[in-house]
Amino acid sequence: MTVNPSGWRPTAPTNASDCGPETVTGNRALQLEEPLLFEGGRLDQTGVDLPDAKHSPARLGGLERNRDIGLPGLSEPEAVRHYTRLSRQNYAIDLGLFPLGSCTMKHNPRLNEKVARMPGFADVHPLQPQETVQGALRVIDELASWLLDLSGMHSVAMSPKAGAHGELCGLLCIRSALEARGDPREVVLVPESAHGTNPATAAFAGYRVESIPANKAGRVDLDALRARLGPDVAAVMITNPNTCGLFEPEMIEISEAVHAAGAFVYCDGANFNAIVGRVRPGDLGIDAMHINLHKTFSTPHGGGGPGSGPVVLSKALAPFGPLPFVAKGADGTCKLVEEENSGEEHPNAFGRMTAFHGQMGMFTRALTYILSHGADGLRQVAEDAVLNANYVLRSLADVLDAPFASAGPCMHEAIFSDKGFAEGLGTIDLAKALIDEGFHPMTMYFPLVVHGAMLVEPTETESKAALDQFIAAMRSIAERAKAGDEGLKSAPVYAPRRRLDETLAARKPVLVYREPVQAKAAE
Amino acid sequence: MRYLPLSDTDRSQMLQAVGAKSIDDLFVDVPKAARLDGLVRGLPLHASELAVERHMGALSKANMVAGEVPFFLGCGAYRHHVPASVDHIIQRGEFLTSYTPYQPEIAQGTLQVLFEFQTQVARLFGCDIANASMYDGSTACWEAVLMAGRITRREKAILSSGLHPHYVSVCNTMAKFTGDTLQSGEPTLSAETDAEHLIAGIDEQTSAVVVQYPDILGRITDLTPIAEAAHAKGALLIAVVTEPVALGLIKSPGEMGADVVVGEGQSIGVGLQFGGPYVGLFACNEKFVRQMPGRLAGETVDAEGKRGFVLTLSTREQHIRREKATSNICTSSVLCALAFTAHLTLLGEKGLRRLASLNHARACEVADRLAAIPGVSLVNDGFFNEFTLELPVEARPAVHAMVEKGVLGGVSLGRLYPDSPALANGLVVAVTETVTDEDIDVLEAALKEVAK
């Protein structure tokens, strides 16, 4: 069939800025601009039909609202369009490779979403009598049991709401254990390459933070660590695999040294995806580790949460874990251990970290994911994640500086530096050019121990074809960066927005919408 | 395995490309003693979608579903009807499967949503500004206490006895480690709140007074005198809102002088979800912006002068500031914030006010009918959609007995305050627009039976 009998062919613009005339609307075909809700909505518009209330005198203690709130509404078609248009200005895993290092942006299976919405999980109240929520409690118990088997640890605290909340949980267990033995200590050691949450959490838990250096191979400097350990050190926070994408080969020696000094080992489990099913943290001497269900176990990131950060604990720390938690009786029924029964069941609990039982919606998704994979699938996850990262590393090591590539394989993420780029061009320029190629950039400028770091984590849910396309794009941009192609500075060209002025945003913060008159008055 | 695209051929080609003989070569850095030779023992193997759905479906069915029975529970989590379009919106893959908007050029969707969310929360709470969400109400509450400490450089906070006991518990847990002093107590079964007692307790060492509005028993108290008393001594007033729908009908805490208003956003858009994930709301006076925890979306322009949004003031945050950050929070609750803002956008001012009126009218009706049961009395004078009854019997067994009759009849104060005999007969009943006339009949009949 001939589609175009006239033989007419479109002519392409010769350069990127020549993308055709300005449009009246500011839209460009499928690239649709969307005003703020406050510019389009009206106070008298609503997208929800509600019956009139039966009239009765209010019993509000004389505190009736007597001014407008200022909340515009939209009818349903307008609202659906507003959010759909906005959604199209986002990049997402559903659209393509999202190699954000240490973030484990893998595919989010839709079965998990379906299960999380089953009424028995989504429509139960956290304070329902326990005989009415046995299924929900069993989900928590089953997931806990998998996490223990996979980690080889002694117990698990399920309630922490995200990774950083899990870190806090682990450190509070450590602090409680030290205080219980009458040996309060003041310092937590954190490697320079750690996630920012590690030192922030240690400070939040009341500790002074000191950093420990990395050696040339990108690992914790064991001699420097040994030299610093002493009676004032409460814990060492290690990320393993670490933020350079490398396994700490001396992890067992590190743990032994820390334990010999009377301190505890906290492991940041953000990178558990690299080792799940192949290595159990319990075999490495770790005392506490949070597991980001929103990384390794694929609960969706949602643009910045919700996450979930259960913490696995060693035998030494288990007695101090937080309330509430689920305990399974001999007859198979589950019960919550809360403040009222913790006296008999768990007398040394350090307390409660959140109002209810944790992120149930994430537990159902993570358990669904785990059951789908099984022991064999999970091991394959780690192997494919590591293979994909090494494939990226070896495919780019001749065009990009890969500071640790000569020392051996990486784990689930590959790290590169901006060494060799032409004067004036840096990691950010490569990252922004990657946007124009249809990829989300890698993690940039982290960890700080590598100059202009680019941390690439492809995950196991990328096909070889997707990786090959990414590698081709990276190679091309890297060559341009080395050749001094100033065009990189103007990237991205094809994104919904060009580079944004972050300095202006911080200097004159505009954090809420103000109607033009109001905004003028505020100036 | 349906989620893993690599074929065995791909794997062997790729191993060859990286110069490895087998996958084990890539795990050489793992100490031998810690290498698992085979699968973790005793665990099942991968399963089909159908098999997993069956397993999870069976677990789901082993719960009493709120929407399938007469349901009257509140105390920090409320059941409202959520429009179908809200769930559709949060399941858009571009929202669901995106990350924290670190690359703003390709995250304007999330960033604009957060800017709109911040504006809605600030207006609802009567504050200047709000952040882009916290984990939940309880953790937002503790972060507010910490922030007040940073602002006032004082370490003693007074928690109202009307504050949700789990929130008190979270604060007490954290204060043990930070060294802050917290004063708290348990409520009494009375229409009077502890406002006067709070006012009397404020002194020059007080960093903040924390008051829930409406409180755990559903009572509503004028915050103005508490704010004035706090300000007179250089302390802040932190208001905690666990049922934001109430603010469609009653004055906002900000209007009454609260400096920081935090809350649980679950009741708008998010659903019950057995306690999580929820969404913490955090709003305050603009002058405290640099002491705020959490992410902030802000307006700016791009290289062509077009309006756009970015995460801003990140020098407060852990990834820049490390141990000097205002909080350790990183991932928060953005997808739940989207559900909240989408639902609130569908409601609009008009819908929210109507929803709030409907809730209040329904609650008034139920309160009168239940208080007419012999031996049962209504504790509250004022309330929004939740009130406390004093029963002639202990409420905790009464709740279980009502379950036997197929009714989720409320939260007993015995569950929340197990060590307080004085509260044992208290039953907190929440009534939203989801309650039907039949539900009320069934509850009334059940309570008559069990309150004998």
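Conventions we followed
Residues numbered from 1 in each chain as written. Chains lettered and ligands numbered in written order. Predicted model: local features only at pLDDT ≥ 70, side-chain atom pairs only at ≥ 80, totals over all residues. Helix = DSSP H or I, 4+ residues; strand = E, 2+ residues; numbered from the N terminus. Rg over C-alpha atoms; globule rule 2.2 N^0.38 Å. Buried ≥ 20, exposed ≤ 12 C-beta atoms within 10 Å, placed from the backbone. Contact = placed C-beta atoms within 7 Å. Domains from an automatic or database assignment. Core = buried A, V, L, I, M, F, W, Y, C linked by C-beta atoms within 7 Å. Nonpolar A, V, L, I, M, F, W, Y, C, P; charged D, E, K, R; others polar.

Colleague: Got a minute to help me understand the overall build of chain A in this structure?
Modeller: Across its full length, chain A carries 15 helices and twelve strands. Relative to the compact-globule value of 24 Å for 523 residues, chain A shows a C-alpha radius of gyration of 27 Å, a close match. Structurally, chain A occupies a C-alpha span of about 80 × 80 × 60 Å along its principal axes. Considering chain A as a whole, with its 523 residues, one finds that 57% of them fall into the buried category. Counted over contacts in chain A with a minimum sequence separation of 6, partners at least 24 positions apart contribute 73%.

Colleague: What's the story with the overall build of chain B in this structure? I'm lost.
Modeller: Helix and strand counts for chain B come out as 14 helices and 13 strands. Taken over the C-alpha trace, chain B has a radius of gyration of 25 Å; the compact-globule value for 452 residues is 22 Å, and the two agree within 12%. Dimensions along the principal axes, computed over C-alpha positions, put chain B at roughly 80 × 50 × 50 Å. Per-residue burial over chain B gives 63% buried out of 452 residues. The long-range share in chain B, meaning contacts at least 24 apart out of those at least 6 apart in sequence, stands at 74%.

Colleague: Help me out: how do you make sense of the domain arrangement of chain B in this one?
Modeller: Residue and element names in this part refer to chain B. Segmenting chain B into domains produces domain 1 (70-81 + 349-450) and domain 2 (84-343). A separation of 27 Å is found between the C-alpha centroids of domain 1 and domain 2. On the domain 2 side, the residues contacting the 31 residues of domain 1 number 27 residues. Every element with two or more residues in the side of domain 1 that touches domain 2 is listed here: α11 (334-371), β11 (386-390) and β13 (426-430). With seven residues, α11 is the single largest residue contributor to the side of domain 1 that touches domain 2.

Colleague: Looking at this model, I keep getting lost on the nonpolar core. Mind explaining?
Modeller: Nonpolar side chains in soluble globular proteins tend to be buried together. All names here are of chain B. Residues Val 209, Val 210 and Ile 238 are the most contacted members of the largest nonpolar core, which totals 321 residues. It is α11 that provides the largest number of residues to this core, a total of 21 residues. Discounting residues that sit within four places of it in the chain, Ile 238 has contacts with Ala 144, Val 145, Ala 148, Ala 208, Val 209, Val 210, Ala 258, Val 260 and Val 262.

Colleague: How do you make sense of the domain arrangement of chain A when you look at a structure like this?
Modeller: Interface size is commonly expressed as the accessible surface area that is lost when the partners come together. Residue and element names in this part refer to chain A. Each domain of chain A was delimited in the assignment, giving domain 1 (113-366) and domain 2 (378-505). Here the C-alpha centroids of domain 1 and domain 2 sit 31 Å apart. The interface is formed by 18 residues belonging to domain 1 together with 20 residues belonging to domain 2. Classifying every residue of the side of domain 1 that touches domain 2 by side-chain character gives nine nonpolar, seven polar and two charged.

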